[in-house]
Amino acid sequence: MKILLALLCVLELLFATFLVNTLGPYFSPIVFAGCGIGIAWLYLRIASSPAIAEESMAPLKVKVVTIIQWVLFLALSYLVISSLKHYWWYHLTYGDTKSDSDILPQIKTLVQRWMNGSQPYYTIQFMGYDLFPTYLPLQWIPYMLCEWAQKDYRWIPTLALWLASLWYFVRSSRQCRKLSWELLIPIWPLVIWWVYIQHDWKVFVFAVEGLIVAYYMLVAEALHKKNTLVLALGVSACLLSRYSIVFWVPMCMVLLYKSGNRRKAVLIGEIAIVATIVIYWLPFLRIDPSIFIKGYAYHTHAALGEWTRDMQVFDGSVYLKNGLGFTSYALAWIPGTLAHKLAVYKNIHLTACIVAVVGLGWYYIKHHTRYDVYVFLLFSFKVYLVVFYVFIQIPYKYLLFLPVMISVSLLGSAVQGSGVNKKQTLS
């Protein structure tokens, strides 16, 4: 099963990059989502089975393996960073309104407004349209470091993702002590990153998804290590940067509570509430409580604009029929205008997320004696993210980078495993 899990991880990466949409706009998203769900299911099976004892390697061989691992990690790190810098050099105008994307200009505007002592959350005027800021605080506040140092903003997501990859490498490499295909597991985050760059470098020139992915990797790795404090900090960072896991978090707390980890469930809620008050409410929402609602409303408005432009200019091939999401089915099966299709599909997305967390929660409560709660939560984390992103209103390619990268935690945990084979309550 471990080899099958690894093959599914490879297929998931390929169907998000070089094989994207090769099976058409209707079958491709099913295969892509199926790979993600399959990865989660195999992880749950492997992590919940008795651990198989393996012979230890001789000290000399361990040193050889360690050296090989570090050489691979450093070499691939160099390739990733040098490639990114190469593409950045050709696209230096990310901070103006002529950029191919309004992501970095929006972040830069928010940072400069706040550093100049003004309220950042009010309309930004770009060439041809006005934008109300939609980004939550931890999606743009970290970029103040680059503004102070007068450095390219894209260093923040790059360094964040590299540090997350380094943390994963250090943890995984300690458990990989043999010369086999498993030697690649510690560097799998860098492999995914490198493949994405080779397939579409624009994902890392005009978007800054690396920071968000690093937050979510923090949650996944905390679940694997059963570290509740890190989990609480990671959950708070995710909620205050992008609210994708807003439905999964309550389920996480309920399952921890039901499994006997009541103090840990409460700790996650307490830290999330305090972080929200300190980082979001005190500096921003206290001044204008409508900020979040205005941002959410603009999301819907902007989504309709993207649907309209994609259909009129590209016949839906760029976003809506790109093989990564189920928007192609919305266009084909939901009657009415584009605005009506979008409104219905938005409700489908919401329903799918709720059904996913309710179903996952119900399944654990019914079969709680079979699974360690942290193993099940990591499984559910992957399943939920797959559901959330394949049903998202606009399946931007850079957004799907996140659920693909989360697979590294399941792969590392299952193949090099923790040896969990029964329900545990850990301190």
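Our subject is the structure that appears above.
Every value quoted in this text rests on a predicted model; they were computed, and no experiment measured them.

Caption draft 1: The overall build of the protein, seen in detail. The number of helices and strands found in the protein is 16 helices and 2 strands. For the protein, whose C-alpha radius of gyration is 22 Å, the value lies close to the compact-globule estimate of 22 Å for 427 residues. Dimensions of the protein, computed from the C-alpha atoms along their principal axes, are close to 65 × 50 × 45 Å. In the protein, which comprises 427 residues, the share counted as buried stands at 54%. For the protein, long-range pairs separated by at least 24 residues make up 77% of all intrachain contacts whose partners lie at least 6 apart in sequence.

Caption draft 2: Representation of empty space enclosed by the protein in the model. Using the criterion set out here, one finds 2 cavities of 30 Å³ or more in the structure. Along the walls of the largest cavity sit Y121, P133, T134, Y135, L136, Y243, Y280, I291, F292, G295, Y296 and H299, which together make up its complete lining. For the lining of the largest cavity, the leading source of residues is helix α12 (residues 291-314), giving 5 residues. Classifying every residue of the lining of the largest cavity by side-chain character gives 9 nonpolar, 3 polar and no charged. Reported here for the second largest cavity is a volume of approximately 60 Å³. As for the second largest cavity, its lining consists of W88, R154, P157, T158, L161, W193, F204, A207, V208, E209 and G210.

Caption draft 3: Local environment of a nonpolar patch on the surface. Together, I273, V274, I277, V278, W281 and L282 make up an exposed nonpolar region whose accessible area comes to about 540 Å². Relative to the assigned elements, V278 resides in helix α11 (residues 262-285).

Caption draft 4: Spotlight on helix α16 (residues 397-415). The terminal C-alpha atoms of α16 lie 28 Å apart, and with 19 residues this matches the ideal 27 Å at 1.5 Å per residue to within 8%. Within α16, 18 of the 19 residues are buried, which leaves the element mostly enclosed by the surrounding structure.

Caption draft 5: Geometry of the pattern of salt bridges. Per the stated rule, a full pass over the model turns up 9 salt bridges. With its nearest N and O atoms 2.4 Å apart, the salt bridge here joins R171 to E221. You can see R171 sitting in helix α6 (residues 155-173) and its partner E221 sitting in helix α8 (residues 209-225), a full 50 residues away along the chain. The buried category is assigned to R171, whose relative accessible area is 6%. Among the salt bridges present, the one from R242 reaches E209, with a minimum N-O distance of 2.5 Å. Here E209 lies in helix α8 and R242 lies in the loop between α9 (228-239) and α10 (248-258), a separation of 33 residues in the sequence.

Caption draft 6: Main features of the packing of α10 against helix α15 (residues 373-390). Close contact between α10 and α15 brings their axes to 11 Å; oriented N to C, the two are set at 165°. It follows that α10 is roughly antiparallel to α15 by the angle criterion. Crossing geometry of α10 relative to α15 is assigned as right-handed. Contacts between α10 and α15 involve W248, M251, C252, L255 and L256 on the former and, on the latter, V373, Y374, F376, L377, S380, F381 and Y384. Partitioned by chemical class, the residues of the contact of α10 with α15 number 11 nonpolar, 1 polar and no charged.

Caption draft 7: The arrangement of the side chain of K382 in detail. On the secondary structure map, K382 appears in helix α15. According to the relative accessible area criterion, K382 is buried, its value standing at 0%. At 2.7 Å, the side chain of K382 forms a polar contact with the side chain of S407. Contact partners of K382, with chain neighbours within four places excluded, come to E12, G36, A40, P403, V404, I406, S407 and L410.

Caption draft 8: Spotlight on the side chain of E12. You can see E12 is positioned in helix α1 (residues 2-16). You can call E12 buried: its relative accessible area is 2%. Within the structure, E12 has its side chain in polar contact with the side chain of K382 (distance 2.7 Å). With residues up to four places along the chain from it excluded, the contact list for E12 reads F32, C35, G36, I39, K382, P403, V404 and S407.

Caption draft 9: Geometry of the environment of Y87. Of note, Y87 is situated in helix α3 (residues 59-90). Along the chain, Y87 and M217 lie 130 residues apart, while their C-alpha atoms are 25 Å from each other. Non-local contacts of Y87, meaning those with residues more than four positions away in its chain, are made with I197, W201 and V205.

Reading the values: rules and limits
- Residues numbered from 1 in each chain as written.
- Predicted model: local features only at pLDDT ≥ 70, side-chain atom pairs only at ≥ 80, totals over all residues.
- Heavy atoms only, no water.
- Helix = DSSP H or I, 4+ residues; strand = E, 2+ residues; numbered from the N terminus.
- Rg over C-alpha atoms; globule rule 2.2 N^0.38 Å.
- Buried < 20%, exposed > 50% of the residue type's maximum accessible area, 1.4 Å probe, protein only.
- Contact = heavy atoms within 4.5 Å.
- 1 Å grid on protein atoms, 1.4 Å probe; cavity = no way out; pocket = protein on both sides within 12 Å on 5 of 7 lines; lining within 4 Å.
- Points joined across faces, edges and corners; volume = space filled by probe spheres on them.
- Nonpolar A, V, L, I, M, F, W, Y, C, P; charged D, E, K, R; others polar.
- Patch = residues over 30% accessible without salt bridge, like charges linked within 9 Å, V, L, I, M, F, W, Y side chains within 5 Å.
- Areas by Shrake-Rupley, 256 points an atom, 1.4 Å probe, with all protein chains shown as cover.
- Salt bridge = Lys/Arg side-chain N within 4 Å of Asp/Glu carboxyl O.
- Expected span 1.5 Å × (residues − 1).
- Axes fitted to C-alpha atoms, helices over the stretch in contact; angles between N-to-C directions.
- Parallel < 35°, antiparallel > 145°, perpendicular 65-115°, else oblique.
- Left-handed = near helix turned anticlockwise from the far one by under 90°.
- Polar contact = N/O pair within 3.5 Å; in protein donor to acceptor, adjacent residues only side chain to side chain.

The quantities given are spatial measurements derived from coordinates; they are silent on function.
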